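# Results of the structural survey
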Amino acid sequence: MTPTQPLLPAEQIRAGDIPLMSPSVLRPPTDIFSRRADRLLRLADGHAMADFLRLCAAICQQQQALHDASRLDPRAALEKLAQALQPQLPAQVLAASGALLALDAAALSRLAERLINGDYPVDGPLFAALPLLGAALQAQATRSIRQRPLPEPQSQDSRCPCCGGLPLASLLLRGDSGHAQRYVVCSMCSHAWPLGRVRCLSCGNSRGLSYYSLAALDHVPAPPDHQQPHRERGAREVEACGECHGALKQISQLQDADAEACADDLASLALDLLAGEAGFGRIGFNPLFLPGREPA
Ligand SMILES: [Zn+2]
Ligand SMILES: [Zn+2]
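To start, this report covers the structure provided alongside it. (Residues numbered from 1 in each chain as written. Chains lettered and ligands numbered in written order. Predicted model: local features only at pLDDT ≥ 70, side-chain atom pairs only at ≥ 80, totals over all residues. Heavy atoms only, no water.)

The biggest cluster of nonpolar side chains holds 63 residues, and the ones touching the most others in it are Leu40, Leu100, Leu130, Leu132 and Leu133. Three or more residues apiece are contributed to this core by two domains, here domain 1 (4-27 + 153-282) and domain 2 (32-146). Excluding anything up to four places from it in sequence, Leu132 contacts Ile59, Leu78, Leu81, Ala82, Leu85, Leu89, Val93 and Ser97. Of all hydrophobic cores here, the second largest spans eight residues; its members include Leu173, Val185, Ala192 and Ile251. (Core = buried A, V, L, I, M, F, W, Y, C linked by side-chain atoms within 4.5 Å. Buried < 20%, exposed > 50% of the residue type's maximum accessible area, 1.4 Å probe, protein only. Domains from an automatic or database assignment. Contact = heavy atoms within 4.5 Å.)

And the structure:
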């Protein structure tokens, strides 16, 4: 494990990085879950959490099948996922998914509503299967929002303007004008809405933000190069806010064209742990990684 270190103070991001035209909401590619699965499998190679990432990849492959099929209610979607993944799922998850499927429709839909809002039971007999329920809801939301017209994003939306979902992570990519543009990827419908660079999504603060990435102990940052302002940035960073002490994962396609917000978030949970040790709480919500109660 290597320590985090700030790579570039917010002040060094040039004003020219911010586009003049306000960008619109981005739709995810139709094969979003297959791409996510492929990315997870590549990231799993040699990774300390390889088994976890491969299980997530298997879930994403099944999410793609759900997304491509007809619309299902949460119970039917969960049942399909649990059946298809049965050989790969740990016994504890299988048992918990049986308990989830035994709930009546009203109880399951109340639980789904809580989960979408990040307010889920952090222990108990259902907990181990909640990522599976989250995956089912995510595939369904991505399918249904794709069929609706795109909304006009408001400046500084902290929740998804398409479905009201929580933010998963922010994504940095090259906009139409050639400038870097920052988006926030929705944890449910997978659409992404624009967000200003260097601004805390949680509290709106734009001062005293720090960026952390995993860097080798012997890494010596190159001197600032204004022709290539992103050269020294990591593909996976957290933006940590000195005001609200929240930290949002930032995935950069400028650094790694194959990066994918959900997959790269899951492969960089070590960064959240280190940010947590430094006093910053995770802002992003990823249905495939639901923190439980801390052991006493
Ligand atoms: Zn959404
Ligand atoms: Zn903040």
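Let us look at the packing of helix α3 (residues 74-85) against helix α6 (residues 130-146). The description of two packed helices rests on the angle between their axes and on the distance between the axes. Their axes nearest at 9 Å, the elements α3 and α6 cross at an angle of 120°. Judged by the inter-axis angle, α3 sits oblique to α6. The crossing of α3 and α6 is right-handed. Two secondary-structure elements touch here, α3 through Pro74, Ala77, Leu78, Leu81, Ala82 and Leu85 and α6 through Leu132, Leu133, Ala135, Ala136, Leu137 and Gln140. (Axes fitted to C-alpha atoms, helices over the stretch in contact; angles between N-to-C directions. Helix = DSSP H or I, 4+ residues; strand = E, 2+ residues; numbered from the N terminus. Parallel < 35°, antiparallel > 145°, perpendicular 65-115°, else oblique. Left-handed = near helix turned anticlockwise from the far one by under 90°.)

Looking now at helix α5 (residues 105-116). Here α5 spans 16 Å end to end across twelve residues, near enough to the 16 Å set by a 1.5 Å rise per residue. Residues of α5 that are buried in the fold lie against α3, α4 (91-101) and α6. Just downstream of α5, Gly118 is the residue with a positive phi angle, here 75°. (Expected span 1.5 Å × (residues − 1).)

A few words now on the coordination of the zinc ion (ligand 2). Bound to the zinc ion (ligand 2) are the protein donor atoms Cys200 (SG), Cys203 (SG), Cys241 (SG) and Cys244 (SG), situated 2.3 to 2.4 Å from the metal. Around the zinc ion (ligand 2), the four donor atoms sit at angles spanning 104 to 115°, and that spread fits a shape best called tetrahedral. Overall, Cys241 belongs to the buried group, its relative accessible area being 1%. The partly exposed category is assigned to Cys244, whose relative accessible area is 32%. (Donors = N, O, S within 2.8 Å, 3.2 Å for Na, K, Ca; no water. Tetrahedral: all angles 85-135°; square planar, octahedral: opposite > 155°, others 65-115°.)

Shape descriptors only; they carry no functional weight alone.
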